[in-house]
Amino acid sequence: MPTRRNRSVLTGLAALVAAGLVAGGFALTARQGTDDPVLAGPTASSVPTAEATADGVVVLERQGPDLPGSGVLDRCDSSSRADVARYDTAALGDVVLQCGTSSQGYEHIRVRHTGDWRQVVGGRGGRDWDDAMLTAVQTALTTPRSGFPRDAGDGKVCYAAAMRFDDDAAPSPDAFVKVIVSRTTDRVITAYPTRTDDC
């Protein structure tokens, strides 16, 4: 079972996943050590603060910092490749959420899923939609639940996690998050709330 992936073993990982699927539904399992860095972003304001439970549940704080912060998003005005956040994952190594375009990254999530994330937050507390999204992405990628990540086909890897608020209330109606990452570019393609926890 792979614990870290370097770019030089990308082809080997793809072959391993394909062989495992043929042999009976192999799923990559990743666990993050408690002393590993969770997120190494370009500025401190891009660091989501999230409590991760032992089973990989995303805990959304009702009150907290504004993520990713205007300084981070200001870079998106000049480059779609600017980093919004970086994540140290056990299965894929360094994964980045870039400013992106309409087809991937923060911009894709903003265009396609702002309404979905606003529904999750539901006007409760002082958090914006991207506070919830970034917290969910961080937990799903760095402290995935058992059985994740999973191969999603077409060079993509899927993470899924349950979500709850810090007062134990569940988001309604979407209680899960799915995060899709490109295996070839190590970039977050999308992240959205969903009613199911499968990929």
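Residues numbered from 1 in each chain as written. Predicted model: local features only at pLDDT ≥ 70, side-chain atom pairs only at ≥ 80, totals over all residues. Heavy atoms only, no water.

It is worth spelling out the state of the cysteines at this point. Going through the model one piece at a time under the given rule, you end up with two disulfides. Residue pairing for C76: its cysteine sulfur links by disulfide to C99, the two sulfurs lying 1.9 Å apart. When the S-S torsion is -75 degrees, as for the bridge of C76 with C99, the disulfide is left-handed. In this pair, C76 sits in the loop between helix 2 (70-74) and strand 3 (83-89) while C99 sits in the loop between strand 4 (93-98) and helix 3 (105-121), placing the two residues 23 residues apart along the sequence. Here C76 falls in the partly exposed class, since its relative accessible area comes to 23%. For C158, the disulfide goes to C199, at an S-S distance of 1.9 Å. (Disulfide = S-S within 2.5 Å. Helix = DSSP H or I, 4+ residues; strand = E, 2+ residues; numbered from the N terminus. Buried < 20%, exposed > 50% of the residue type's maximum accessible area, 1.4 Å probe, protein only.)

Counting buried residues along strand 4, five of its six residues qualify, which places the element largely inside the surrounding structure. Linking strand 3 to strand 4, which pair antiparallel, is a turn of three residues. (Pairing = 2+ DSSP bridges.)

Turning to the packing of aromatic side chains, a few remarks are in order. Considering all chains together, one arrives at one aromatic pair under this definition. Between Y106 and W129 the ring centres are 5.6 Å apart and the planes differ by 35 degrees, which places this aromatic pair in the tilted class. Here the residue Y106 occupies a position in helix 3, and W129 occupies one in helix 4 (residues 129-142), the gap between them amounting to 23 residues. Each member of the pair, Y106 as well as W129, carries the same accessibility label: buried. Taking NZ or CZ as reference, R62 lies 3.9 Å from the ring centre of F165, over its face. (Phe/Tyr/Trp six-rings, centres within 6.5 Å; stacked < 30°, edge-to-face > 60°. Lys NZ or Arg CZ within 6 Å of the ring centre and 35° of its normal.)

Below, the discussion takes up unusual backbone geometry. Following L67, the chain continues into P68 via a peptide bond in cis, with omega recorded as -5 degrees. Note that P68 resides in the loop between strand 2 (58-60) and helix 2. Omega for the peptide link from F148 to P149 comes to 10 degrees, which places this bond in the cis form. Here P149 shows up in the loop between helix 4 and strand 5 (150-153). Its identity is not glycine, yet D154 carries a phi of approximately 55 degrees, on the positive side. Its location among the elements puts D154 in the loop between strand 5 and strand 6 (156-165). The class of D154 is exposed, set by a relative accessible area of 76%. Phi angles above zero are rare outside glycine, and D186 is one such case at about 60 degrees. In this fold, D186 is placed in the loop between strand 7 (176-182) and strand 8 (188-194).

Next up on the list: the nonpolar core. Judged by nonpolar contacts, the single largest core of 36 residues is most densely connected at W117, M133, L141, Y159, V177 and V179. Among the elements of the structure, strand 2, strand 3, strand 4, helix 3, helix 4, strand 6, strand 7 and strand 8 are those that each provide at least two residues to this core. Looking at which element gives the most residues to this core, the answer is helix 4, with eight residues. (Core = buried A, V, L, I, M, F, W, Y, C linked by side-chain atoms within 4.5 Å.)

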